[in-house]
Amino acid sequence: MRKIVVYELVSLDGVAEDPDAFIPDWDEDMDANLGTVIGSQDAVILGRRSYDEWARFWPGKDIQPFSDFINGVTKYVATSAPLEPAWSGAEAVDGDIVEFARRLKEGDGGDIGVHASISIAQAMLAGGVVDELRLVIAPGVAEGGRRLLEGVPALRFETLASGVSSTGYLMVGYRVLN
């Protein structure tokens, strides 16, 4: 069975919204960590807001390792509206995204990523379909913004991996225990 892996950049106080505000540096260790996370993924699930932002930004970019990955992977977008602008490999998913993810996990293929889409990550964590949570935690407090785990029911995790990047970001991986 395929795994759903949520990958998020968060501040020390759990804010995931607008990570550019609290992650001013990006280093080779973070690239390697991201490469490991996306290396087993062949599909992603995005919310509409993330899709709209990324469909305008990522096509034509050469920021590795993510640009080749996100431009080439199948992208399932939680929306009932047409996908404009169009982006190669993108498909609208109308209806219950958690049930869609449950069915997708049962099919063939690699891991399924959830990147940047806070509301999708929250819904999937609450719906019990997330297998792993991969975080890059910035050593600073953002104070304002949407928090990744806000509104998510109590969950338990098992630590899979942890490390510190050369610029001080904590990189952790957890298995969700259901």
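Described below are features of the structure shown in this document.

1. Structural notes on the pairing of strand β5 (residues 111–115)
Here comes step 1: Within β5, 5 of the 5 residues are buried, leaving the element largely enclosed by the surrounding structure.
Here comes step 2: Neither face of β5 is exposed, since Asp 111, Gly 113 and His 115 on one face and Ile 112 and Val 114 on the opposite face are all buried.
Here comes step 3: Of the pairings in the sheet, the one linking strand β1 (residues 4–10) to β5 comprises 4 bridges and is parallel in character. Across the sheet, Val 5 pairs through a bridge with Gly 113, a residue of β5.
Here comes step 4: Here strand β2 (residues 41–47) pairs with β5 via 4 bridges, running parallel.

2. A word on the pattern of salt bridges
Here comes step 1: Applying the stated rule across the entire model yields 9 salt bridges.
Here comes step 2: In this structure, Glu 132 and Lys 3 form a salt bridge, with 2.8 Å as the shortest nitrogen-oxygen distance. You can see Glu 132 sitting in strand β6 (residues 132–137) and its partner Lys 3 sitting in the segment before β1, a full 129 residues away along the chain.
Here comes step 3: Judged by relative accessible area, which is 9%, Glu 132 ranks as buried.
Here comes step 4: Given a relative accessible area of 30%, Lys 3 falls into the partly exposed group.
Here comes step 5: Salt-bridge contacts for Asp 13 lead to Arg 147; the nearest nitrogen and oxygen are separated by 3.1 Å. Here Arg 147 lies in the loop between β6 and β7 (156–164) and Asp 13 lies in the loop between β1 and α1 (28–38), a separation of 134 residues in the sequence.

3. Regarding helix α4 (residues 97–106)
Here comes step 1: Among all positions in α4, only Ile 97, Val 98, Phe 100, Ala 101, Leu 104 and Lys 105 are buried. Down the axis of α4, the buried set is contained in an arc of 155 degrees. They therefore lie on one face. Structural note: α4 exposes Arg 103 and Glu 106 on the side pointing more than 90 degrees away from its buried face.
Here comes step 2: Residues of α4 that are buried make contact with β1, β2, β3 (74–78), β4 (90–93), β5 and α5 (118–126).

How each quantity is defined
- Residues numbered from 1 in each chain as written.
- Predicted model: local features only at pLDDT ≥ 70, side-chain atom pairs only at ≥ 80, totals over all residues.
- Heavy atoms only, no water.
- Buried < 20%, exposed > 50% of the residue type's maximum accessible area, 1.4 Å probe, protein only.
- Helix = DSSP H or I, 4+ residues; strand = E, 2+ residues; numbered from the N terminus.
- Pairing = 2+ DSSP bridges.
- Salt bridge = Lys/Arg side-chain N within 4 Å of Asp/Glu carboxyl O.
- Arc of directions from axis to C-beta.
- Contact = heavy atoms within 4.5 Å.

Everything listed is a geometric property; what it means functionally is a separate question.
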